[in-house]
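# Descriptive structure summary
Single-letter residue listing:
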Amino acid sequence: MSLKISALDFVQGVKNGNISAEDFVAKTIERIENVDDKLHAFLSVNKDAVNQAREIDKKVKSGDIVGSCFGMPISIKDNICINGSKTTCASKMLEDFVAPYDATVISKLKEEDAIFVGKANLDEFAMGLTTEFSAYGPSKNPWNLEYVPGGSSGGSAVSVSAFECVASLGSDTGGSVRNPASFCSVVGYKPTYGLISRYGLISYANSIEQIGPLTRTVKDTAFMLNIISGLDQNDNTTVDNKNEDYLQEIESGIEGKKIGIIKEMMGEGIDPAVESATKNAISKLESLGATCEEISIDMVKYSVAAYYTITATEAGSNLARYDNLRYGYDFSVEGYEFNSYISKARTKLGPEVTRRMILGGYVPSAGHAGKYFLKALKVKSKLTREIDDAFKKFDFLIAPTVPIMPFKIGEKIDDPVALFLVDLNTVTANLTGKPAISVPFEISNGLPIGIQILADSMNDKSLLQAAYALEQTVSLPEVPI
């Protein structure tokens, strides 16, 4: 039995009796045991997964109603709550925190008989782009173990790419699903803001973050969206997608569609291999009947600065709860004094979280809010207007997901500004609330390159159609591990 199949193939196989869910999940757990010492995709593994899969097989054989996942093994980023399971956010601060409830996306997947094989590694509190800021060590890129897998959902991307699960859920605040998807050659999806409930996602920056799937194929992403999207009474930011079927008409093609090539995402600093791959992708889309034309979106050049100002402010507020009173760990402080107690607790936080916490306290403070935070909000508003205007002319926008190739572990960790710029092409979708997808497109010198396509809000279905059309133009080698 091969683990190298899509989610839809798995479902069909179990449904028609060609695949045993128990055997597949057992083999998946065995795969994790064999390769994860090298990859470190997981922070914890569900020891009861095989027993859960056995129950699925019993339901199939007895003719009982089975959920649409049919025991599919899925990994979950460890900042999404699963009732009764540790949810650490890859931080020592939450090392022993056990979630007392299920996130909405988890409840929906449980209703469809998904099986969670483990919690995936990430940068601490999802703040980072490589998983190097995980308190438990970085994940490794399965295409080359010396390279970063991207982040912050790096463990999720690695687990899908290395066949340690069939699909995964991550969270995307500034590209944290799409970035590792590009670096690991999987599909990564950031939906329209509000399409997927954030209830049960441990917050980083509430106004722009979204849960999104990582899968092997675009159709698998559509399958996952069918399950996890929609209104949720526990999250007032969710929108009504009217039970849209994202798989329906996914093969419609893109003939006659107009695609804008974002000039500012193809400019100075782009790796020649990434630029070449993007031009090749544009040519293939044109060969399918699309019209591609360059467009300038001036505010993109300010997007990273605005993004980090806004997210640091929201992160500073969200991180305030980690004071060792409500969440944390026990230690003694001689001559107990409130401020010293909290200060000592927060020494357990990693360097990137500390950096953003300090920045988040500074930029919205009296005397600085107008200079930094309010200005960032103005950039966000103007960027949104420019993107909205672009979608009056174009059906989609295109750019490389990341302007550079994957880089070696440790290469950029001491240069926060250089790391921030990795987000240049991805933060626009978050700041504007638009859906965006990273599609695996090329392998250059043994390392993956992904192409990003954006669409207007609530046009997730047509975005998946465009992504599927691009996906069908390429044939990529298997991951070497």
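For the structure itself, consult the block above.
Structural notes, computed from the coordinates. (Residues numbered from 1 in each chain as written. Predicted model: local features only at pLDDT ≥ 70, side-chain atom pairs only at ≥ 80, totals over all residues. Heavy atoms only, no water.)

## Section: the sheet that holds strand β11 (residues 447-454)
Pairing is mixed across the open sheet formed by 11 strands, whose spatial order is β1-β3-β2-β4-β6-β5-β10-β11-β9-β7-β8. Looking at the sheet topology across the chains shown, the edges are occupied by β1 (42-45) and β8 (291-295). The sheet shows a mean angle of 30° between the axes of neighbouring strands, direction not considered. Of the strand pairs in this sheet, strand β10 (residues 436-444) and β11 are connected by 8 bridges, and their pairing is antiparallel. Across the sheet, residue Ile 443 finds its bridge partner in β11, namely Pro 448. Along the sheet, helix α5 (residues 154-161) makes contact with β1, β2 (73-77), β3 (115-120), β4 (167-172) and β6 (210-215), crossing β4 at roughly 160°. Sitting on the sheet, helix α12 (residues 373-393) is in contact with β7 (258-262), β8, β9 (396-400) and β11, with an inclination near 115° to β9. (Pairing = 2+ DSSP bridges. Helix = DSSP H or I, 4+ residues; strand = E, 2+ residues; numbered from the N terminus. Axes fitted to C-alpha atoms, helices over the stretch in contact; angles between N-to-C directions. Contact = heavy atoms within 4.5 Å.)

## Examining the packing of aromatic side chains
Tallying each qualifying case throughout the model produces 6 aromatic pairs. Consider the rings of Phe 125 and Tyr 322, whose centres lie 4.7 Å apart with planes at 40°: the pair is tilted. Linking Phe 125 in the loop between β3 and α5 with Tyr 322 in the loop between α9 (303-319) and α10 (338-346), this pair joins segments that are 197 residues apart in sequence. Residue classification places Phe 125 among the buried positions, given a relative accessible area of 4%. The class of Tyr 322 is buried, set by a relative accessible area of 4%. We note Lys 412 situated over the ring of Phe 407; from NZ or CZ to the ring centre the distance is 5.3 Å. (Phe/Tyr/Trp six-rings, centres within 6.5 Å; stacked < 30°, edge-to-face > 60°. Buried < 20%, exposed > 50% of the residue type's maximum accessible area, 1.4 Å probe, protein only. Lys NZ or Arg CZ within 6 Å of the ring centre and 35° of its normal.)

## Concerning the pattern of salt bridges
Counting across every chain of the model gives 21 salt bridges. Close ionic contact of Lys 219 with Glu 251 constitutes a salt bridge, the shortest N to O distance being 2.5 Å. Of this pair, Lys 219 sits in helix α7 (residues 218-228) while Glu 251 sits in the loop between α7 and β7, and the two are 32 residues apart along the sequence. Overall, the relative accessible area of 22% leaves Lys 219 in the partly exposed class. By relative accessible area, which is 52% here, Glu 251 ends up exposed. Where Glu 293 meets Lys 393, a salt bridge forms, and the shortest distance between an N and an O atom there is 2.9 Å. (Salt bridge = Lys/Arg side-chain N within 4 Å of Asp/Glu carboxyl O.)

## Details of the side chain of Thr 278
As for its position among the elements, Thr 278 is in helix α8 (residues 272-287). Residues in contact with Thr 278, not counting those within four places in the same chain, are Met 266, Ala 399, Pro 400 and Ile 451.

## A look at the layout of surface pockets
Empty space left among the atoms is revealed by rolling a probe the size of a water molecule over them. Of the volumes computed, that of the largest pocket is approximately 530 Å³. If you go around the largest pocket, you meet 22 residues; those closest to its centre are Ser 185, Arg 216, Thr 217, Leu 476 and Pro 477. The space that makes up the second largest pocket amounts to roughly 380 Å³. Taken together, 19 residues make up the lining of the second largest pocket; nearest its centre are Glu 268, Gly 269, Pro 403, Leu 421 and Leu 424. Split by residue class, the lining of the second largest pocket holds 12 nonpolar, 3 polar and 4 charged. (1 Å grid on protein atoms, 1.4 Å probe; cavity = no way out; pocket = protein on both sides within 12 Å on 5 of 7 lines; lining within 4 Å. Points joined across faces, edges and corners; volume = space filled by probe spheres on them. Nonpolar A, V, L, I, M, F, W, Y, C, P; charged D, E, K, R; others polar.)

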